[in-house]
Structure formats: structure tokens, C-alpha cells
Amino acid sequence: MNIAQLQRDVVAYASDIGIDKIGFTTAAPFLELKNRLKRQQELRYQSGFEEPDLDKRTTPALLLDRAESIISIAIAYPSKMQDAPKGKRGERRGMFCRASWGTDYHTVLREKLALLETFLLERVPDAKMRSMVDTGELADRAVAERAGIGWSAKNCSIITPEFGSYVYLGEMITNVPFAPDVPMEDQCGDCTLCLDACPTGALIQGGQLNAQRCIAFLTQSKQPMPDEFRKEIGNRVYGCDTCQTVCPKNKRKYNLEQPAFTPEPELVKPLLQPLLKLSNRQFKETFGHMSGSWRGKNPIQRNAILALAHFKETEAVPELAELLNSDPRPMIRGTAAWALGEIGTVAGREALRQALAAETDTEVKAEIVKASGKLDGTTEKEVD
Ligand code: B12
Ligand code: SF4
Ligand code: SF4
């Protein structure tokens, strides 16, 4: 078998099937990463979504017998939406991050990797392969960095010169000994725009994130939103793009080529009030094909309430009062109480007063008391 020719054929085939960038690295352990991950664990900076076994995360040979090399792939996703609807009073809208636009990227990248596996198997019948995207053990960024896909930037993303940081990553470990590519030089230089722009100070220093402070994580958490972050969420209902949109390396990187990721404007910028009423089934039917739906409707609905408070949307007060009085989920009642306190109408104050008498959950009660305290002594004139 001529490996160099096979490698060229793999590269050409990858391009034919819509893989935007491909790189190769060895299956050697990721030693520096292991120390890094250990440190992040000790500092409690991880999100909890990461694979906890650090040996598996950093030793490809533990994931595939006789692993020799790793193929890293990147597929670009759009940063710009055509015909984005504009929100207005009475019709406020939330925002799904770009990584949730179009079809779930896990599906798209897994399909491409499966095609690559078939291609390889046809040429090397005893090839062994194991592919993964996001949910696998390996750190996709560390693989991509070592395979020369892009550099590991201060906003933590892998940035490619061609598509900016708007690329999804995936990889295939194999026993075929492909020749490794050369990692790319860091191109952030003295720039610190992402660190300065992060709304919650989650970027501790270039390349180091405290995920517990990151809005991308907070919007996915199933817990009540900690007080200190509630006003920073803005209208983000899933994920956060701020440290990417401010990045000069992303300028004019629109990446409109992949049809699977073309956003449906009404879904990625959804009206907030209708979101609050969705049943589980309706949520799944409407948003189930998007990657942003993986945590279910509860976090999204909580975030929609925070967004209505962000807009001080008085039109939403009756609906928030209804949630406060009758929603079975304490997180939703507690968030609605907070939002009513922020929006601050007389009707909201009355709803809080009534809810306090009926509420049995201690934490929700505390939210109601706090929100009522904010509105004490307000009159129609002051609050409307
Ligand atoms: C957990 C997770 C999260 C968590 C934590 C993110 C984080 N930065 O750690 C949360 C929920 C916050 C998150 C958010 C996002 N995520 Co995420 N996430 C993951 C996941 C599952 C694991 C990441 C992980 O292991 N983090 C631990 C840290 C320590 O490692 P890392 O950043 O992955 O790797 C780098 C560092 O370790 C660094 N490093 C290593 N050693 C050292 C030493 C020093 C001194 C320094 C400075 C750095 C350094 O180099 C590595 C390579 O760049 C990966 C998929 C996967 N299996 O890898 C996707 C992944 C990283 N996410 C992705 C995306 C798109 C996002 C968001 C942009 C989504 C959004 N718009 O909301 C944000 C970006 C937030 C950010 N600034 O990082 C993509 C990244 C694509 C890219 N171009 O980089 C991935 C690869 C998914 C995919 N397959 O495409 N994510
Ligand atoms: S995704 Fe948002 S919150 Fe997280 S580091 Fe980037 S700017 Fe900060
Ligand atoms: S904003 Fe500046 S520092 Fe941050 S990732 Fe982009 S180039 Fe690097």
C-alpha cells in the first residue's frame, strides 16, 4: 500500500464530500493537554460536559487498538443570516448561537466521517477506525491544533485562516500510519479583544476558560441561573458568540457554503413569548433537529424569561404572572418572579404578592420576597 498516495486520495475525497479542511497527526499521547485538564479540574473550571477520564481523553491508543494516526476534520458554519427578523416591543426575540444554526452538526460531521471510513475500508480492508464528534473522549480542539487545522486562540477556539473560528471539529483515529501535518503558528499576537469583551470575565487569561462563568455553559445549565449572571445573559437563549464576533480573524468570514447549516431565521431568532408555552412535544418537533435542543426545553424557557426581563417587556407580565402562579417547575417560577421584579409593573407586584401566599418551595419563596422588595412602595406612575 502506498500510504502517501492514499493520504492524497483521502484529502481529495474529503474535499469532494464537503469537508472544508482536513489534517493529520500521530496517535501519540497528548501529554501537555493532560496536565492542562488536570489543572482545570482542580480549579473547578470545567463545565461537567467533558469526558472525566483524563487517560482516555489524552491517549488515543486506549480508544483504538494499534492506533497510529488521527485524521482531523473541520466543517465551516455560517456567521451571517439572511433576512434576520427584527424584534420589537410586544414581539421580542431570543438568539441561538451560530453553532446551533441549521441541522445539528453532530449529524452532519458523523455522516462525513462515516463516508471517510467507508472510503478507507475499500482501500485498506484491515483498516481499523474510530470516529468522534464533540461527545467522544478526545479533545477535538487539541487534535485539530496538532493536525495543523488552525491555532489555539486566546478565546479558546481553534481559528483557521480560511474560515475563522466558525468551524466544527471531528476526528477519526486509525491504525493506518498517515504522515502528520505541521501545527500552525499562533496568530493572536498582542490582541486581547475577546478577553476584554467577554461579558462575565469567563476568559481568565488567553486560552483559559472558567466554564462555570461562561454564558455558553450557563445557558445550558439545568439549575436556576446564579444571580450575578442573570443580567448578562441578554437575549441569548442558547450559547454565546461574543468572543468570536469581536475577533478580527473572523472579519468577513461568512461561510455560507454548507446548505445543512443555513439558519431558519424564525427558529434561531425565535419569538420569546410563544417559546414559554411550548410543550415537550412541540419543542422537540420545532427545535429537535438543532444542536441547541440537546438539553431539552427547560433551560431555553428559563433563558427566554431572562431575555424578557432584559427587554423590560411589560407586555409579557400577564404571562410571567401565570407561570409564577401555576408552572410546576420551581426554576421557572423562581425565574419568573425575578423577571417580574425587574420589569416592575403594578400588575407584576400584585402577582408577586399573590404568589407569595401560595408558594411552598423555599427557594422560589426567597425569589418572590427579593423581587417584591425591589418593587415595594412603587406606584403605577413610577413603575410603568
Ligand atoms: C465542554 C465543552 C464546552 C464547555 C467548555 C468550553 C471550554 N473552553 O473548555 C462550554 C459549554 C462552555 C463550551 C462552549 C463553547 N463551545 Co464547546 N465544547 C466542549 C467539549 C465537549 C470539550 C472541551 C474541553 O475539553 N475543554 C477543556 C479545555 C481545557 O480544552 P479545550 O479548549 O478543548 O482545548 C484547548 C486547551 O486545552 C488548550 N491548551 C492545552 N494546553 C494548554 C496550555 C496552556 C498554557 C494554554 C493557555 C492552553 C492550553 O489547547 C487546547 C486546543 O485548543 C468540546 C468537544 C470535545 N470533545 O473536545 C466542544 C467544543 C470545544 N466546543 C465548540 C464550540 C463551537 C463551542 C462554543 C463556540 C459554542 C457557543 N457558541 O456557545 C462555545 C465557546 C466557548 C469558549 N470560549 O471556549 C467546538 C469548538 C470549535 C472550535 N473552532 O474551536 C468544539 C470542539 C465542539 C466541536 N466538535 O466542534 N464548550
Ligand atoms: S462564549 Fe461568551 S461568556 Fe463564554 S468566554 Fe466567550 S464571550 Fe465569554
Ligand atoms: S479576539 Fe484577538 S486575541 Fe481573541 S482570539 Fe481573536 S485574534 Fe486572538
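Fair warning: this is a prediction, and the values are worked out from it, not measured in the lab.

Is there a simple way to explain the site of ligand 2 in this structure?
Lining the immediate surroundings of ligand 2 are Cys198, Pro199, Thr200, Leu203, Leu209, Cys214, Ile215, Cys240, Thr242 and Cys243. Looking at the shell around ligand 2, its residues break down into 8 nonpolar, 2 polar and no charged.

Hey, could you run me through the site of ligand 1 in this one?
Neighbouring ligand 1 are 40 residues; Arg57, Asp134, Asp140, Ser152 and Leu169 lie closest to it. At a separation of 3.2 Å, a nitrogen atom of ligand 1 approaches a polar backbone atom of Val167. Elements supplying a minimum of two residues to the shell around ligand 1: helix H2 (31-42), helix H5 (140-146), strand E7 (167-174), helix H7 (215-218) and helix H9 (242-245). In terms of residue count, the dominant contributor to the shell around ligand 1 is H2 (5 residues). Here the shell around ligand 1 is built from residues that sort into 20 nonpolar, 11 polar and 9 charged.

Help me out: how do you make sense of the packing of helix H15 (residues 330-343) against helix H16 (residues 346-358) in this one?
For any two helices packed against each other, one specifies the crossing angle of their axes together with the interaxial distance. Direction vectors running N to C along H15 and H16 enclose 145°, while the axes themselves pass 8 Å from each other. Here the hand of the crossing between H15 and H16 comes out left-handed. Where H15 approaches H16, its residues Ala337, Leu340 and Gly341 are matched on the opposing element by Gly348, Ala351 and Leu352. Of the residues contributing to the contact of H15 with H16, the split by class is 4 nonpolar, 2 polar and no charged.

What am I meant to see in the pairing of strand E1 (residues 21-26) here?
Where a strand is regular, its side chains alternate between the two sheet faces. With 5 of 6 residues buried, E1 is to be regarded as a mostly interior element. Of the pairings in the sheet, the one linking E1 to strand E2 (residues 69-76) comprises 6 bridges and is antiparallel in character. Residue pairing across strands places Thr26 opposite Ser69, the latter belonging to E2.

Before we go on, may I ask you to explain the confidence of the model for the protein chain in this structure?
Reading fine detail from the predicted coordinates is not recommended where pLDDT is low. A residue-level look at the protein chain finds 98% of positions with pLDDT of 70 or above and a mean pLDDT of 96. The model gives residues 379-384 a pLDDT under 50, and that stretch makes 10 contacts with residues more than four places away or in other chains.

Explain the pattern of salt bridges here, please?
Opposite charge on two side chains permits pairing when their charged atoms draw close. Per the stated rule, a full pass over the model turns up 23 salt bridges. In this structure, Lys88 engages Glu91 in a salt bridge whose closest nitrogen and oxygen atoms are separated by 3.8 Å. The partner of Glu350 in a salt bridge is Arg353, with the nearest N and O atoms 2.5 Å apart. On the criterion of helical spacing, the pair formed by Glu350 and Arg353 is a turn pair, its members being 3 residues apart in helix H16. The exposure class assigned to Glu350 is partly exposed, which follows from its relative accessible area of 31%. Each of Asp227, Arg230, Glu367 and Lys370 takes part in a single network of salt bridges with overlapping partners.

Help me out: how do you make sense of the environment of Leu340 in this one?
With respect to the element layout, Leu340 can be found in helix H15. Along the sequence, Leu340 and Asp9 sit 331 residues apart, while their C-alpha atoms lie 61 Å from each other. Not counting the four nearest positions on each side in its chain, Leu340 is found in contact with Val317, Leu320, Ala321, Leu324, Gly348, Ala351, Leu352 and Leu375.

Cut-offs applied
- Residues numbered from 1 in each chain as written.
- Chains lettered and ligands numbered in written order.
- Predicted model: local features only at pLDDT ≥ 70, side-chain atom pairs only at ≥ 80, totals over all residues.
- Heavy atoms only, no water.
- Near = heavy atom within 4 Å.
- Nonpolar A, V, L, I, M, F, W, Y, C, P; charged D, E, K, R; others polar.
- Polar contact = N/O pair within 3.5 Å; in protein donor to acceptor, adjacent residues only side chain to side chain.
- Helix = DSSP H or I, 4+ residues; strand = E, 2+ residues; numbered from the N terminus.
- Axes fitted to C-alpha atoms, helices over the stretch in contact; angles between N-to-C directions.
- Left-handed = near helix turned anticlockwise from the far one by under 90°.
- Contact = heavy atoms within 4.5 Å.
- Buried < 20%, exposed > 50% of the residue type's maximum accessible area, 1.4 Å probe, protein only.
- Pairing = 2+ DSSP bridges.
- pLDDT = per-residue confidence, 0-100.
- Salt bridge = Lys/Arg side-chain N within 4 Å of Asp/Glu carboxyl O.

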